[in-house]
Amino acid sequence: MERFHPLAADSDAPPEELALAQGECALALGRLDGLLAGLAEDEKALFCVGLLREVLLSALAQAGFADAEHRFNAWFAGLDRGPQETPLTACSAYAVVRALMGELSHHPWEPLADAAQTIALAARFGADRPMQAEDALAEEAIGRALTLVKQAGADDETPLPFAGLARLHALLRADPLFAPLERTVHIRSLGNRAVAIEQAAPRTPLWAVEASLGRLLTACGAWQLALPCPGAVTAETLQPQLWPGERAIVSARTLHASATRLAELVAKARRRTALMREQLGHLRSSARAPQVWILLAGFAPLGLDQITWAFGISRRGTYAIGDALVAARMARRETVKGKALLVVEEPGRDGQPASLDQATALPHAALAEFDAAMGEIDRLLAGSSGHP
């Protein structure tokens, strides 16, 4: 017997409640589209690495890996195992991450594809784990989601996505791969009594639909960029007891929440970019330190070997980059399980960039000395390493 849903009732939701939910969602989508259009190149890079982290964590949580966020940084650096599989998880965390990174590495928006490719080079997610049968299941989920999203968005005539979303949810409810599974009931004997124990149903791979949902939004003209929408497609939306209006309300609210989260990532990318320009603006235009800091700030701490793989520089070059970031108080060095990591530092209070005349900035004389030292390192390492 299905549990009573808080929205389920003897009649559908009032039209005005649906109109309000969809109006708020449309406003959030339009606002995000405008914010993305105004981003500078460094801001795009920071937004994209932050988005990729959000997509992976959201997908792992949706797939049933409750400890994903706790283990993520160490797993990325190759210092810990992946999130723990449970009876609710259909495939391993390795398979989920590989499928998403493979798909997003070919995303039509170049900054997002570039960020995914860089992170894939740096990542130690299951680096020594060979491909397994479950990887094919995750890739199948991505391919099937793309097909259903394309079908749902084929006939949209307005710049609003709600009709397409309704079609998509109907397709998902009818699809064996994505339709919600029923809970299982086990009968256990306790003494002379039989007790029914209800077990949560395994998760279906709705994370694959979230990764592709932006294509539906671009098909109808609601968005210019077909971005992933972490958290926008939930099992709640697919529950059979909902009336059409109730389902549309839940759908609009989850998409609204996803768009709001992406707008917050845009705002964070802008703040961090302003900070980076203040603290690292004295470096030459060919410097790699800002690129490394973008990955540190937006995604996760990095080991020196990961910096080498991601940016194609020598081991010595990574030391110079680390020195530059530590001197600018943009990163600190930590040793975890015997491995040296660069961890982001963000000077300033309340998330505001620190002014160059504050204590967090280097004095002018120190900056001049630092530049001279970096020039000497460049001269010594010319031809054998990248520029810091």
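Each remark here, short or long, concerns the structure printed above.
What you are looking at is a predicted structure, and each value in this text was computed from that prediction instead of being measured.

Trainee: Help me get a handle on the environment of Q151, residues and values and all.
Mentor: Relative to the elements of secondary structure, Q151 occurs in helix 6 (residues 133-152). Along the primary structure Q151 and L216 are separated by 65 residues, whereas in three dimensions their C-alpha atoms are 9.0 Å apart.

Trainee: Break down the environment of L57 for me, citing the residues and quoting the values.
Mentor: Positionally, L57 belongs in helix 2 (residues 41-62). Take L57: its relative accessible area is 14%, and that puts it in the buried class. Put simply, L57 and V97 are 40 residues apart on the chain and 9.3 Å apart in space, counted from C-alpha to C-alpha. Look past the residues within four positions of L57 in its chain and what remains in contact with it is A68, E69 and F72.

Trainee: Which residues make up the pairing of strand 4 (residues 331-336), and what are the values?
Mentor: Put simply, side chains in a regular strand alternate between the two faces of the sheet. Here six bridges tie strand 4 to strand 5 (residues 339-344), and the two strands are oriented antiparallel to one another. Paired with R333 across the bridge in strand 5 is L342. In this structure, the hairpin formed by strand 4 and strand 5 is closed by a connection of two residues, where K337 is found at a positive phi of approximately 50°.

Trainee: Outline helix 12 (residues 315-327), supporting the account with residue identities and numerical values.
Mentor: Taking 1.5 Å per residue as the helical rise, helix 12 with its 13 residues ought to reach 18 Å, and the 19 Å between its terminal C-alpha atoms agrees with that figure. With its phi angle positive at about 60°, R329 sits one or two positions after the end of helix 12.

Trainee: Just give me the short version of empty space enclosed by the protein, but keep the residues and values in it.
Mentor: Under the definition given, this model contains three cavities of 30 Å³ or more. Empty space within the largest cavity amounts to approximately 40 Å³. Forming the boundary of the largest cavity are V55, S58, A59, L100, W207, E210, A211, P228, C229 and P230. Only helix 2 and helix 8 (206-219) provide two or more residues apiece to the lining of the largest cavity. Grouping the amino acids of the lining of the largest cavity by side-chain chemistry returns eight nonpolar, one polar and one charged.

Trainee: Any details on the pattern of salt bridges? Residues and values, ideally.
Mentor: Per the counting criterion, the structure on display carries twelve salt bridges. Here D305 and K339 are joined by a salt bridge, their closest N and O atoms 3.5 Å apart. Here D305, found in helix 11 (residues 304-311), pairs with K339, found in strand 5; they are 34 residues apart in sequence, far enough to count as distant. Judged by its relative accessible area of 16%, K339 is buried.

Trainee: Let's hear about the nonpolar core: which residues, and what values?
Mentor: Membership of the largest hydrophobic core comes to 109 residues, with the highest contact counts inside it found for F47, W207, F299 and L325. Counting residues domain by domain, this core receives three or more from each of domain 1 (17-178 + 206-272) and domain 2 (283-344). In this structure F47 touches L36, L39, W109, L227, L262, L265, V266 and A269, once residues within four positions along its chain are discounted.

Trainee: Lay out the packing of aromatic side chains in plain terms, naming residues and giving numbers.
Mentor: In this structure the tally under the stated criterion is seven aromatic pairs. Grouping aromatic residues by their ring pairs yields a cluster made of F72, W75, F76, Y94, F125 and F299.

Trainee: Please provide a residue-by-residue account of the environment of V149, values included.
Mentor: Relative to the helices and strands, V149 resides in helix 6. As a C-alpha pair, V149 and L168 span 19 residues in sequence and 6.4 Å in three-dimensional space. The contact partners of V149, leaving out residues within four places of it in the chain, are L168, V209, S212, R215 and L216.

Basis of the calculations
Residues numbered from 1 in each chain as written. Predicted model: local features only at pLDDT ≥ 70, side-chain atom pairs only at ≥ 80, totals over all residues. Heavy atoms only, no water. Helix = DSSP H or I, 4+ residues; strand = E, 2+ residues; numbered from the N terminus. Buried < 20%, exposed > 50% of the residue type's maximum accessible area, 1.4 Å probe, protein only. Contact = heavy atoms within 4.5 Å. Pairing = 2+ DSSP bridges. Expected span 1.5 Å × (residues − 1). 1 Å grid on protein atoms, 1.4 Å probe; cavity = no way out; pocket = protein on both sides within 12 Å on 5 of 7 lines; lining within 4 Å. Points joined across faces, edges and corners; volume = space filled by probe spheres on them. Nonpolar A, V, L, I, M, F, W, Y, C, P; charged D, E, K, R; others polar. Salt bridge = Lys/Arg side-chain N within 4 Å of Asp/Glu carboxyl O. Core = buried A, V, L, I, M, F, W, Y, C linked by side-chain atoms within 4.5 Å. Domains from an automatic or database assignment. Phe/Tyr/Trp six-rings, centres within 6.5 Å; stacked < 30°, edge-to-face > 60°.

As far as function goes, none of this settles anything; it's purely spatial.
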